[in-house]
Amino acid sequence: DKNMPSSGPRKTPVAAQHTQSSLAKAKKRSADSNLAEDVINVEGAGVKANKKGLGSTFALLRDFPDSTYVYLRENLIQTLDSPFTLMNLKILDLSMNSIAGGCPWLSLTPKLRHLYLTGNAVTSFEGISALTELETLALSCNQISSFEGLGVLPSLGTLSLNHNQISSFKGFPLLPSLFALSMTGNPVAETPCYRRIATAVCNRDCFAKLDGIEIDPKERAIQAEQDARLTFCIMEGFMYSDPTSVEEQATEFLHAKQVELTREGPLKLCYISLGNPTSSAGTAFKVTEGVSVRLSVCLLDSRPHDERKAVFHSTQIYPVAFKVSGEANEVHLLGSMNQWKEPIPLSRWEDEEGNVCFEATLYLPSGSYEYKYIVDGEEKISEDIKYPSRYNKGMVSLYKVEAPASLLNLPGDEDSLLYIRWLRSNYFNGFDLIDGENSLGYTPRSEDVGHCLRAEVLCYLGGLFRCMVFDISPLVAPAEPFVAALELEGPFVEGQPVRAKVTYGGGEQGASVLRWSRVGPDGAVALLDTTQNPGLRLEYTPGLADVGSHLLIEYTPVREDGHTGATASAQSSGVVTVGPPVCVGLRVKGPPVENEPLAPEAQYQGGEEGASKYQWLRELREDEPGDVSPGREREGEEEERFVAIPMQNEPTYVPTLQDVGRRLAVNYTPVNTQGIQGTSSRCVTDPVLPGLPALLSAALSADPPQEGVPIEVIGLAYFGGHPGSHEVQWFRGPPAAGAPDTFLPVKVGKPNQRAYTPVKKDVGHLLEAQVTPVRSDGLRGKPVTISTQNPVQATIRVASVEVESKPLIVGEPVRGLFVSPDGIEGISRHRWIRVYPDGKEFVVATFGGDNSAYLPTAEDVGCQLMYAVMPARRDGGDGGWKYSEPSVEMVKAAVIRASPEVPPTAITSGGSPPKSSADEAENPDFFRPRGTNCFIEGDAQPGSTLMAFASYVSTRPEGKSLWRWYLIHPSGEETLVPYARSNKLKLTPNEVGCAVRFEYTPVSADGVAGDPISALTSTVGVEGGSPSVEVSNLQLTGNPEEGQELVGVYSIAGGSAEGACVFRWFRVCDPSTREEVPEFFGQLKYSVGPADVGAVIVFEVTPVSAEGVHGEPQAVASAPIRPVPKVIPVVLPDVSYCMKVRTVRVPSEGDGEQQASSHHFLWEKSASENGPFAPVHSSLQNSYQPIADDVGCFLRVRVFDAEGQSGHPEAISNPTRVLVDPTIRKQIWEIVSPGQAAFNVKDQERLSWEIGLSHESCRLRKARTPTPGSRDFAKVDEFAWSPEVALELSSTEETVAVLSYPASDGTRRELPLLVDKQIDRDMIALVFRIFHALADRSICEEVMGEAFAEAWHSGAVKRARSKAKDNAVLQEALNYPWAAPGSPRPALPASLEIAKNALLMVKYPHAQ
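Residues numbered from 1 in each chain as written. Predicted model: local features only at pLDDT ≥ 70, side-chain atom pairs only at ≥ 80, totals over all residues. Heavy atoms only, no water.

What about the overall build of the chain?
Rules: Secondary structure is summarised from DSSP: a helix means a run of H or I of at least four residues, a strand means a run of E of at least two, and numbering begins at the N terminus for each. Accessible area is worked out with a 1.4 Å probe on protein chains only. A residue is then buried under 20% of its type maximum, exposed over 50%, and partly exposed in between. Contacts between residues were defined by any pair of non-hydrogen atoms, one from each residue, lying within 4.5 Å.
The helix and strand inventory of the chain stands at 14 helices and 84 strands. When each of the 1408 residues of the chain is scored for burial, the buried share is 45%. Looking at the chain alone, contacts between residues at least 24 apart form 57% of all its contacts between residues at least 6 apart.

Here you go:
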């Protein structure tokens, strides 16, 4: 229709000229062309043959029967001709052709959806009504004069009928989907009330456009006011020009229309109305819900006189004969039966006797009717029955119509009847039958409100329908709201629902109010609940508090327009009684996570709760046997396999490792105070998640570690699901004492090795093992670093260990030989082992000292000896036990020289050889016993027991050797410990401050005593484990650098006060030498000079108490002394940017640059330009990417050598300020501007989470499935902004942040968040912290101004959702001149301080 005129009256010549011109051109083309394929334009699934001069479609559609569209515009086609039914055709365009009359050929296109016939000569809608799927119909510029034949098209949305000859909407069909109607250029479009009339007949639910103009709200309101009565009249051809009297006009039109329709039928309509019978005709009346309305009707029997005897049967309308006898020209009846309107003519007839009669048979409802006869123009009334008229008609006659005593006795066919029915209008300009309503009266119900009622009287003659009369009411108005019925339905038992049965009347129900109350025994009323529609709560479940009370409901009806009716109430017939114990709700609070307590929440009913029972259960795997605990059984599902967990009968349960991956369940059995049990309920959790991997404890196998001796990580106590392969990295730590703060541990050994063998480079340093716990699924936990308390000690290597090569004879000393090339030997320990012939070994002596000799005894005879040594250096180091091979020879008995008087044979085995004066003269000590291998074991502490050992050596058996213990007092006096005659001595507090000496005197069986030997302990310490006087907190401060000063710091424990302690300084150039520096004796400070470079300075303190008690000396060593460093300048720019990598270059001593790999870089951060600086990143790489935590701070870099051994930087850069890049700032404000933001992250299980931010809260939603990219989220938690909320960045993982917040269940949660890149994590952190800062009203006002704070906290910014550049409030806030508060303010919580700093730095890049 685009080529058609869009407005103004139809000008047939113009349209005709246009059509004729097109046809002429088409004919000319037809003469020069044929149906050759090159003339047809075939595209895809359709055909286009516009302007081809085609006169027939047969060949075209024969070749393309499956086309979905056919365009044949501007041809010579008169009809659609096809050998096939075009089942696939959806679009047909035959505009500008020669089609005339109707379109019966459309039966070939049953699935057509879009039909274009513009510019033809179509005169009717023939063939179109069968197209039930038609959506678009274009028939503009044709010759259609009415809507007759269009039919019901349920899918038609666009109807274009411009420039036709339609003058009314008579015959307009039901078009429920009509959206747009075009009638421009039709006579009907020129009528004054055209748009009002058109909108009345179109479906108000979807009709939106008339003649290309949208239906405005005013027209929409008028459309709603036009009822079905008026619409029916319009669809019957009614047109009006004055909207003020349209109701009266429509009433007259409807009446006249029915009179005309019944003129030729057996019954002629005289009057019909649903109005008030007592009112004047045509007077508007109101139909109200709940108020009965009655149909008034008057029908005149127009059959010949003889046929009138066979009456129409009805239970509501009865025949009444009005008869007048006598000569007259004409007689009419005038009365209230037709509201005194048109006189009703009486027909003339003569009876058998020739008398002239005038008679009319009327069908009337029961009631009293006034009437008069008009005989030849003169009113006549009966003088016997005259009454004054109620209608002001003077004196009238009165006739009372009553129902016949027996309807069956009336003459006539039973199939001739008058049938009454009622209908209700619908929204499609039609009416729906109201079942069971067949009387003249009807009481409108609530479903009738807003609809019109239609009462019909159908006339059947001989069983055949002959005619129908009806009237349509105005819209039924709602009645005043009222309560038709209100009661409570029991039983009234605790825990069982009580239902309120409410019947509302009075239009469409609105926000009616229902109140539940409890009426106590004393009559006191307590309100329980109040609800409103929608969602009126019609049920209430009594609880324990309701027991013994009545329930009361109060219902206030409210209509949808807000009008309120009277309140009604109802009370329960009895009081609420106690119910049996029952569980009405059971859930387990919190997600099931290993080692996090689970607590069920049970909703109990049934009196007061007693000792209800709990039982926790664990799900069995498919391959696990076990006695399954009875549980829930669902139809079509397998029974859940759970087994009771022993001893778990408390409400709270803590999941263990055994539960990980399994579901848990809890059985709850309600029990009341009388001990009565209810039915158990079960709640099943999700599978238990493993806890975050963590190490609870770890240790190292040796301390101090020894060079060359493997040290191992032991005692790992793991938590967090099933363990995987934990990661281990060994580090060479700082020296034992005097390590600078900047010392960086150096990686040593291979990764992930539990054991490490210290090398020479580790000597003097502590060893550290960093253990990262790893769960079986690969998730890593927080690393734990364990360190030795003592430095690595150099191993004293032993080149060889052997037994002295000589004959082994009882009583003759044999030495153990060993060679140690490491340092000067100290007090080594020696051990001798007897090796029996069967290979068994027995330690016979262990002692310390310079002498390694051993005197074989009689027990050694026939055995080999083996020697072991624990070599020690003078500096205290030892190298562990080193063993020799067993001796080559066996131990032999001593050869005894016999005296002349005693032959050798006289000496028996085991006997004591007699003394020989010759022997004694030659060697007096030969037969004297000797003691050896004397030592003491045990701690010199009060309460400990000391044990002494000594070896007896002699050719004679041992007798009663002497064992004595002595105390050496601080004064040097030595006293014997009485009653101590064994090799054991238990120390008491009385021995504190004294040394203990053990003395052994060997005595042979014949009483010969040898020389005593002894062993000495250290000073016995004070009670509690500390020495009586000792050094604690010993350390060496200062810079171990040439030209600097070292200071010894210590404290003394024990004694009443500190005495004159002894201070000594030593220079250690190599492990084997220790040179004392005498000029600093007794001083606490030491000046480092050139001679000290490369050496270690040792500070030794000998504690002395005020009582003069000396303690054990303690020493601390510095790091190797460094020479004065040559500082290499490293310069950083004044400004660096967060999320952008910062790289430094380290120039060499020449003009070139050193490689980054030859240095170690330590990046430090400080809130102030002048420090103090703290390490934040350490690497062999010369680059660092500042993170969100660095924003607003100062960074600097310290450069070390790659080995990191010296502990002193070769270079220190200038500080650089970390700011937010302008591009990043702009992106952040674009995110914040709408007042809400959301971002996606992952958790440790790699499930997607959505974090939603607003001015009020933070919302957490988790993906329901692990499908990547899933947008199906479920809400997990939501929390308001508070100081307890924090987003912390991981210091070890670049893409991990931890969100901590107070959960809705009152606990504090920590949620690890994972992203793909570090830059994404930092962007999220800055946005999160800005939302956090803006949520604090005081911070928001201080930084952004009061106007923005008000807009942000009121939600105006969120509602606007504008971009940053279009957000005037935000732009004004960004220009708000912030200044630091003049007066001190209370310190902010740490999380808010961080958030405020982020807001300041994103708004003011250079804020201090």
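On we go.
Section: the environment of L528
Mapped onto the elements, L528 comes out in strand β33 (residues 525-532). Along the chain, L528 and S517 lie 11 residues apart, while their C-alpha atoms are 4.9 Å from each other. Leave out the neighbours within four places in its chain, and L528 touches W516, S517, R518, Y540, D546 and L551.

Quick look at helix α9 (residues 1318-1335)
Since one α-helical turn is 3.6 residues long, residues separated by three or four positions face the same way. This is how it is decided: A helix is expected to reach a length of 1.5 Å times the quantity of its residues less one.
Its 18 residues place the ends of α9 26 Å apart at the C-alpha level, agreeing with the 26 Å of an ideal helix rising 1.5 Å per residue. Across the 18 residues of α9, 16 count as buried, placing the element largely inside the fold.

Here's the deal with a nonpolar patch on the surface
Quick reminder of the rule: What makes a patch is a set of residues exposed beyond 30% relative accessible area and free of salt bridges, joined within 9 Å when like-charged and within 5 Å when nonpolar (Val, Leu, Ile, Met, Phe, Trp, Tyr). Using a 1.4 Å probe, accessible areas were evaluated by the Shrake-Rupley method; residue-level cover was limited to the displayed protein chains. Any carboxyl oxygen of Asp or Glu that lies within 4 Å of a side-chain nitrogen of Lys or Arg is treated as forming a salt bridge with it.
On the surface, I385, Y387 and L398 cluster together into a nonpolar patch covering about 240 Å² of accessible area. Structurally, Y387 can be placed in strand β23 (residues 387-388).

Some words on unusual backbone geometry
Cis geometry is found at the peptide bond from G490 to P491, where omega equals 10 degrees. Tracing the chain through its elements places P491 in the loop between β30 (482-489) and β31 (498-505). The peptide bond linking D703 to P704 adopts the cis configuration, its omega dihedral lying at 10 degrees. Mapping P704 onto the fold places it in the loop between β43 (694-700) and β44 (711-719).

Quick notes on the sheet that holds β43
Here is the rule we go by: Between any two strands, at least two bridges found by DSSP are needed for them to pair.
Taken together, the 3 strands give an open sheet; going across it, the order is β43-β44-β47, and neighbouring strands pair in antiparallel fashion. Strands with a single pairing partner mark the edges of an open sheet, and in this sheet they are β43 and β47 (755-756). Bridge count between β44 and β47: 2 bridges; the pairing is antiparallel. By the bridge assignment for β47, I711 is matched with Y756.

Here's the deal with the environment of E74
Positionally, E74 belongs in the loop between β3 (69-71) and β4 (91-93). Assessed through its relative accessible area of 19%, E74 is described here as buried.

Focus on the pattern of salt bridges
Evaluated as defined, the whole model comprises 50 salt bridges. We note a salt bridge from D63 to R62, for which the minimum N-O separation is 3.3 Å. Put simply, D762 and R732 hold a salt bridge, and the shortest N to O gap is 2.7 Å. Pair noted here: D762 is in the loop between β47 and β48 (765-772) and R732 is in strand β45 (residues 727-735), with a separation of 30 residues, a long-range link. R732 gets classed as buried once you look at its relative accessible area, which sits at 5%.

Quick word on the pairing of strand β19 (residues 344-350)
Where a strand is regular, its side chains alternate between the two sheet faces. Examined bridge by bridge, strand β18 (residues 331-335) and β19 share 3 bridges and lie antiparallel to one another. Across the sheet, L333 pairs through a bridge with I344, a residue of β19. Relative to strand β20 (residues 356-365), β19 is paired through 4 bridges, and the arrangement is antiparallel. What sits directly across from S347, in β20, is E359. Counted along the chain from β19 to the antiparallel partner β20, the turn is 5 residues long, and its residue G354 has a positive phi close to 90 degrees.

What about the sheet that holds strand β67 (residues 1085-1087)?
What counts here: Geometry is summarised by axes, namely lines fitted to C-alpha atoms with helices restricted to the contacting stretch, and by angles between N-to-C directions that run from 0 to 180 degrees.
Reading across from one edge, β63-β64-β67 is the order of the 3 strands in this open sheet, with antiparallel pairing throughout. The two strands at the open ends of the sheet, each matched to only one other strand, are β63 (1030-1038) and β67. The mean angle between the axes of side-by-side strands here comes to 20 degrees, regardless of whether they run parallel or antiparallel. Pairing of β63 with strand β64 (residues 1045-1053), which is carried by 7 bridges, proceeds in the antiparallel orientation. The residue of β64 that forms the bridge with G1038 is L1046.

So, the packing of helix α8 (residues 1222-1232) against helix α14 (residues 1390-1403)
To keep it simple, the criterion reads: Only Asp, Glu, Lys and Arg are considered charged in this grouping, and only Ala, Val, Leu, Ile, Met, Phe, Trp, Tyr, Cys and Pro are considered nonpolar; every other residue, Gly among them, is considered polar.
Running from N to C, α8 and α14 point in directions that differ by 115 degrees, and their axes come no closer than 9 Å. Across from R1225, I1228 and W1229 in α8, the residues of α14 making contact are L1399, M1401, V1402 and K1403. Here the residues of the contact of α8 with α14 are counted per class, giving 5 nonpolar, no polar and 2 charged.

Quick notes on the packing of aromatic side chains
Applicable threshold: Ring pairs are drawn from Phe, Tyr and Trp, using the six-membered ring of Trp, whenever the two centres fall within 6.5 Å, and their geometry is named by plane angle: stacked under 30 degrees, edge-to-face over 60, tilted for the rest. By the criterion adopted, a ring carries a charge over it if an Arg CZ or a Lys NZ lies within 6 Å of its centre and within 35 degrees of its normal.
In the structure shown here, the tally under the stated rule is 34 aromatic pairs. With centroids separated by 4.5 Å and ring planes inclined at 15 degrees, the aromatic side chains of F1279 and Y1301 adopt a geometry described as stacked. Of the two residues, F1279 is situated in strand β81 (residues 1273-1280) and Y1301 in strand β83 (residues 1296-1302); the sequence distance between them amounts to 22 residues. Geometry around F232 places R454 over its ring, the cationic atom sitting 5.2 Å from the centre. Against the face of F935 rests R829, its NZ or CZ located 5.8 Å from the ring centre.

Remarks on the side chain of S425
One can find S425 in strand β25 (residues 417-425). Residue contacts for S425: discarding those within four places in its chain leaves A228, G430, F431, H451 and C452.

Description of the packing of α9 against α14
Inclusion rule: By definition in this entry, angles of less than 35 degrees are roughly parallel, angles greater than 145 are roughly antiparallel, angles of 65 to 115 are roughly perpendicular, and the rest are oblique.
At a minimum axis distance of 8 Å, the contact between α9 and α14 shows a crossing angle of 105 degrees. As far as their axial angle goes, α14 and α9 are roughly perpendicular. Taken together, the residues of α14 that come into contact with α9 (itself represented by L1326, R1329, I1330, H1332, A1333 and L1334) are S1391, L1392, I1394, A1395, K1396, A1398, L1399 and V1402.

Some details on the environment of S82
Rules: Counted as a polar contact is a pair of N or O atoms within 3.5 Å, where, for protein atoms, one must be capable of donating a hydrogen and the other of accepting one, and residues adjacent in sequence contribute only when both atoms are in side chains.
Relative to the assigned elements, S82 resides in the loop between β3 and β4. S82 gets classed as buried once you look at its relative accessible area, which sits at 10%. Separated by 22 residues in the primary sequence, S82 and L60 have C-alpha atoms spaced 8.3 Å apart. If near-sequence neighbours (up to four positions away) are discounted, S82 is found in contact with F58, L61 and L108. Here the side chain of S82 touches F84 through a polar contact of 2.8 Å, landing on its backbone oxygen.

With respect to the side chain of S884
Among the secondary structure elements, S884 is positioned in the loop between β55 (882-883) and α7 (917-922). The exposure class of S884 is buried, given its relative accessible area of 4%. Residues contacting S884, with those up to four places away along its chain left out, are V801, E802, V803, M866 and Y867.

A short note on the state of the cysteines
Using the following cut-off: A pair of cysteine sulfur atoms is labelled a disulfide when the two atoms are within 2.5 Å.
A full pass over the atoms with the stated rule returns 0 disulfides. For the unlinked cysteine C202, the closest cysteine sulfur is that of C206, found at 8.8 Å. A relative accessible area of 3% places C202 in the buried class.

Quick word on the confidence of the model for the chain
For clarity, the threshold we go by: The quantity known as pLDDT measures the predictor's confidence residue by residue, on a range of 0 to 100.
Looking at the chain as a whole, its pLDDT mean stands at 81, while 85% of the residues score no less than 70. Long-range and interchain partners of residues 1022-1027, a stretch whose pLDDT sits below 50, account for 13 contacts in this model, where long-range means more than four residues apart. Every residue in residues 1148-1157 is under pLDDT 50, and counting partners more than four places away or in other chains gives 14 contacts.

Side note on α14
Over its 14 residues, α14 runs 20 Å from end to end, which matches the ideal 20 Å to within 8%, given 1.5 Å per residue. When you tally the buried positions in α14, you get 10 out of 14 residues, the bulk of the element. Turning to α14, its buried residues number three or more, namely S1391, L1392, A1395, K1396, A1398, L1399, L1400, M1401, V1402 and K1403.

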